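One-letter residues, chain by chain:
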Amino acid sequence: MLRDLALAAKAACSKEDQESLVPVVQQLRDLGEIALKKGLLALESELSQIKDPFLKLGIQLIVDKTEAENVQDILDSDIYYNESNGRELLKKIIIREGLLRIQAGDTPRNILICTKIFLGKLEPNQTNWQAS
């Protein structure tokens, strides 16, 4: 997990922006479920449906069997050196965390828990936080 206060400040966004990222958290959980049940290579069939370029990059790196440390370095470089702020930066941080957990073989429930933590302003009853 990224623990950088300056980065966290740049990723600060409104409650509404955080709510708009709930589908990303759920998508990561769903991708984790596919990976857990069918293996990481099964994620390749999901690539055509993924619109977000950062998420697509991460999935492609995982499917290509890139070492976890290198995946982390590539995603971190994008986060630190591209000019994202607010909602877009928070989205990348959430995606990074989810992808690293998917690659590590975490359960969908753990992926959900570890990604929704970034949406701290949201109450559990405001969203559909069901773990598969």
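Residues numbered from 1 in each chain as written. Predicted model: local features only at pLDDT ≥ 70, side-chain atom pairs only at ≥ 80, totals over all residues. Heavy atoms only, no water.

Asks: Tell me what's going on with the overall build of the protein chain, and back it up with residues and numbers.
Replies: For the protein chain, the helix and strand inventory stands at seven helices and zero strands. Helices (α) and strands (β) of the protein chain occur, in sequence order from the N terminus, as α-α-α-α-α-α-α. The proportion of buried residues among the 132 residues of the protein chain is 48%. Put simply, the protein chain shows about 7200 Å² of open surface, and 50% of that area lies on carbon and sulfur atoms. (Helix = DSSP H or I, 4+ residues; strand = E, 2+ residues; numbered from the N terminus. Buried < 20%, exposed > 50% of the residue type's maximum accessible area, 1.4 Å probe, protein only. Areas by Shrake-Rupley, 256 points an atom, 1.4 Å probe, with all protein chains shown as cover.)

Asks: Go over helix H7 (residues 108-116), please, and point to the residues and values.
Replies: For H7, the full list of buried residues reads Pro-108, Ile-111, Leu-112, Cys-114 and Thr-115. Residues of H7 that are buried sit in contact with helix H3 (22-38) and helix H6 (86-104). (Contact = heavy atoms within 4.5 Å.)

Asks: Explain the confidence of the model for the protein chain residue by residue, including any values.
Replies: With 89% of its residues at a pLDDT of 70 or more, the protein chain shows a mean pLDDT of 90. Per-residue pLDDT, averaged within each element of the protein chain, yields its smallest value for helix H1 (residues 5-10) (84) and its largest for helix H4 (residues 53-63) (98). (pLDDT = per-residue confidence, 0-100.)

Asks: Requested: an account of the nonpolar core, with residues and values cited.
Replies: Counting 36 residues, the largest nonpolar core has Leu-43, Leu-55, Ile-59, Leu-90 and Ile-94 as its most contacted members. Where this core is concerned, the elements lending two or more residues are H3, H4, helix H5 (68-81), H6 and H7. In terms of residue count, the dominant contributor to this core is H6 (eight residues). (Core = buried A, V, L, I, M, F, W, Y, C linked by side-chain atoms within 4.5 Å.)

Asks: An account of the side chain of Glu-46 is needed here, citing residue identities and associated values.
Replies: Tracing the chain through its elements places Glu-46 in the loop between H3 and H4. Here Glu-46 sits buried without a salt bridge, and the closest side chain of opposite charge, Lys-38, lies 6.4 Å off (N-O distance). When near neighbours in sequence (up to four residues on either side) are disregarded, Glu-46 contacts Leu-31 and Ile-34. (Lys, Arg positive; Asp, Glu negative; His and termini not counted. Salt bridge = Lys/Arg side-chain N within 4 Å of Asp/Glu carboxyl O.)

Asks: Can you break down the pattern of salt bridges residue by residue, with the values?
Replies: Using the criterion set out here, one finds nine salt bridges in the structure. A salt bridge links Arg-101 to Asp-106, with the shortest nitrogen-to-oxygen separation between them at 3.2 Å. Classification of Arg-101 by relative accessible area gives partly exposed; the value is 23%. Within this structure, Asp-76, Arg-96, Glu-97, Arg-101 and Asp-106 form a network of salt bridges that share partners.

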